[in-house]
Amino acid sequence: MKLAHLSLFLLALHLSSSRSPSASDLPQEELVDQKCLLQKYTHRSCNKVFCQPWQRCIEGTCICKLPYQCPRAGTPVCAMNGRSYPTYCHQKSFECLHPEIKFSHNGTCAAEGKFNVSLIYGRTKTEGLVQVKLVDQDERMFICKNSWSMAEANVACVDLGFPLGVRDIQGSFNISGNLHINDTECLHVHCRGVETSLAECAFTKRRTELSNGLAGVVCYKQDADFPTSLSFQCVNGKHIPQEKACNGVNDCGDQSDELCCKGCRGNASLCKSGVCIPDQYKCNGEVDCITGEDESRCEERKKGKGYKKENEDRQQNIPKGLARSAQGEAEIETEETEMLTPGMDNERKRIKSLLPKLSCGVKRNTHTRRKRVIGGKPANVGDYPWQVAIKDGQRITCGGIYIGGCWILTAAHCVRPSRAHSYQVWTALLDWLKPNSQLGIQTVKRVIVHEKYNGATFQNDIALIEMKMHTGKKECELPNSVPACVPWSPYLFQPNDRCIISGWGRGKDNQKVYSLRWGEVDLIGNCSQFYPDRYYEKEMQCAGTRDGSIDACKGDSGGPLVCEDINNVTYVWGIVSWGENCGKPEFPGVYTRVANYFDWISYHVGRSLVSQHNV
């Protein structure tokens, strides 16, 4: 067995780029990833989605923040319990811990009344036309059907005490006697779908024709009679028709019908992470795909044929003129529009903008990576500012990755805690025979090896090095280094994505290499076919080229496999770990899958240092 090394000597074989499949490419039974479904992902699974600003991501799950962890900037809000909170985030954090403390309205609490939603003219308590009483309104009002969608209906049912949300927004309601409603007015409402009360949504009152009717809802009961053989089972136990999975609409209420998709139906787009989002979420100023592609190339989209001004109107929570409903039906142009409540979606996005941001994964220089790469080319100054060398005595024995602060990530097989005093960390090094002027040399304070590292199988082959701070300094200063971002989700990058390895390892025919070299490799799925009974998918990642021309070899252990997302942010996706037969076809290099160790890393270095998202 070789200890992972770098053999950069032939032209990299470029695989053709794969496109995301659409629903038309796949039969209905293949639209959903069955293996993914076993993970039981929901709207609280931060491997797939972003947490809300009042939550944080711990071990792949969004959990409640404590209220003091919210930003203090904001306006006060009132909750249903009559208590005022300093900001919307504070109220939602309390509600996260105590679900009965729901949002009521903006501003401090007063005696003007409470928000209320109810159903009327239904045959049972689970259905009916939707009526609401806003806090500062005297009368109850109905909601216009043409502004009503699954997002609003789910929120209404949850608000009414049905935790599984809506079953249907169509129903035959027994309307007897006179319908007490102004025949030219009803309320329009717009929700994001993450709210727990309709009070958080945006309400407008407009003069409009009621030819499309009023909004009704049938809420979901636990004993609903969908046949399991012909339905999609949500993680929360709810059943929905199969054709509603992977359509960008949160029919389940817990989003589990949209998180394991190979393609999307209808007016929805597929995120690289296998999540379907509504087309209207693209270029709305908020990243909804964890991989970021929904907010890329937005200027091109706005100029393109498919961009709709109506979508822009809906994103502002202000229905205008001929804005379209969620069902795509054009509403009749209105004469008067009165904003009754602003909705809290913009406030939610504003709170997200106040959360801490990390400066990682972005080079400080303007060097642009070439489109086509010949393997084995030397690196230039600033190309890989997260790459470090680990020197043990007189030799550079391994590589490492700078991740911020005083911390270096490397392979467990490279270091021993008992030898911490003998290690040096060399930063901004290009050639270790001819040290460049930017070179920095750091001494080591301690070494932390993963407690479950297995030297025989290379499982958990990961370690941290903490550098010593210079005398009189409060933090480590590495002026020529930039930290690589630490990935929090295993879905940020996928098989066939192109990434970069770098190091000072051996080259062709085991020749010594003194200068930093780099090459492009493709992430490889199903690596058990190359290393049966020795490859652990959760902890390991394979990468290489079809002809084996670019590979990791002796001396590169502990170094980086970095991948760049669509917004040009670089993540350390793997740590050079092991492999066999350097540079040979069908023997790809094996890397420690860093995303699997996000919580372990953050536990030791501090979450604020590595939490790019879901802080």
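A.B. asks: Any chance you could break down the side chain of Asp 392 for me, citing the residues and the numbers?
C.D. replies: Here Asp 392 shows up in strand E20 (residues 387-392). A polar side-chain atom of Asp 392 sits 3.4 Å from a polar atom in the side chain of Ser 422. For Asp 392, the contacting residues outside a window of four places in its chain are Thr 397, Arg 419, Ser 422 and Tyr 423.

A.B. asks: Describe the sheet that holds strand E25 (residues 463-467), naming the residues involved and giving the relevant values.
C.D. replies: Ordered in space as E20-E21-E22-E25-E24-E23, the six strands form a closed barrel in which the pairing is antiparallel. Going from strand to strand, the sheet's axes swing by 40 degrees on average, the running direction of each strand aside. Relative to E25, strand E24 (residues 440-449) runs antiparallel, the two sharing five bridges. Bridging across to E25, Val 449 finds its partner in Ala 463. In the packing of helix H7 (residues 598-605) onto the sheet, the strands contacted are strand E21 (395-404), strand E22 (407-410), E24 and E25, and the crossing angle to E25 comes to about 25 degrees.

A.B. asks: Could you give an account of H7, with specific residues and numbers?
C.D. replies: All buried positions along H7 are accounted for by Phe 598, Trp 600, Ile 601, Ser 602 and Val 605. For H7, the secondary structure elements touched by its buried residues are E21, E22, E24, E25 and helix H8 (607-610). The first or second residue beyond H7 is Gly 606, which carries a positive phi of 100 degrees.

A.B. asks: Summarise the sheet that holds strand E6 (residues 103-106); cite the residues concerned and give the values.
C.D. replies: One open sheet holds the three strands; their spatial order is E5-E4-E6, and the pairing between them is antiparallel. For this open sheet the edge positions go to strand E5 (84-85) and E6, each flanked by a neighbour on one side alone.

A.B. asks: Tell me about the environment of Gly 285, and name the residues and values.
C.D. replies: Following the sequence through the fold, Gly 285 ends up in the loop between strand E17 (276-278) and helix H4 (298-303). Look at Gly 285 and you get exposed, because its relative accessible area is 69%. A C-alpha to C-alpha distance of 9.5 Å links Gly 285 and Cys 298, two positions 13 residues apart in sequence.

A.B. asks: Which residues make up the pattern of salt bridges, and what values go with them?
C.D. replies: As enumerated under the stated definition, the model contains 18 salt bridges in all. Across the salt bridge formed by Glu 286 and Arg 348, the nearest N and O atoms sit 2.7 Å from each other. Of this pair, Glu 286 sits in the loop between E17 and H4 while Arg 348 sits in helix H6 (residues 345-354); the two residues are 62 residues apart in sequence, bridging distant segments of the chain. The two residues Glu 286 and Arg 348 agree in class, both being buried. With its nearest N and O atoms 2.9 Å apart, the salt bridge here joins Arg 607 to Asp 599. What makes Asp 599 partly exposed here is its relative accessible area of 25%.

So, how was this worked out
Residues numbered from 1 in each chain as written. Predicted model: local features only at pLDDT ≥ 70, side-chain atom pairs only at ≥ 80, totals over all residues. Heavy atoms only, no water. Helix = DSSP H or I, 4+ residues; strand = E, 2+ residues; numbered from the N terminus. Polar contact = N/O pair within 3.5 Å; in protein donor to acceptor, adjacent residues only side chain to side chain. Contact = heavy atoms within 4.5 Å. Pairing = 2+ DSSP bridges. Axes fitted to C-alpha atoms, helices over the stretch in contact; angles between N-to-C directions. Buried < 20%, exposed > 50% of the residue type's maximum accessible area, 1.4 Å probe, protein only. Salt bridge = Lys/Arg side-chain N within 4 Å of Asp/Glu carboxyl O.

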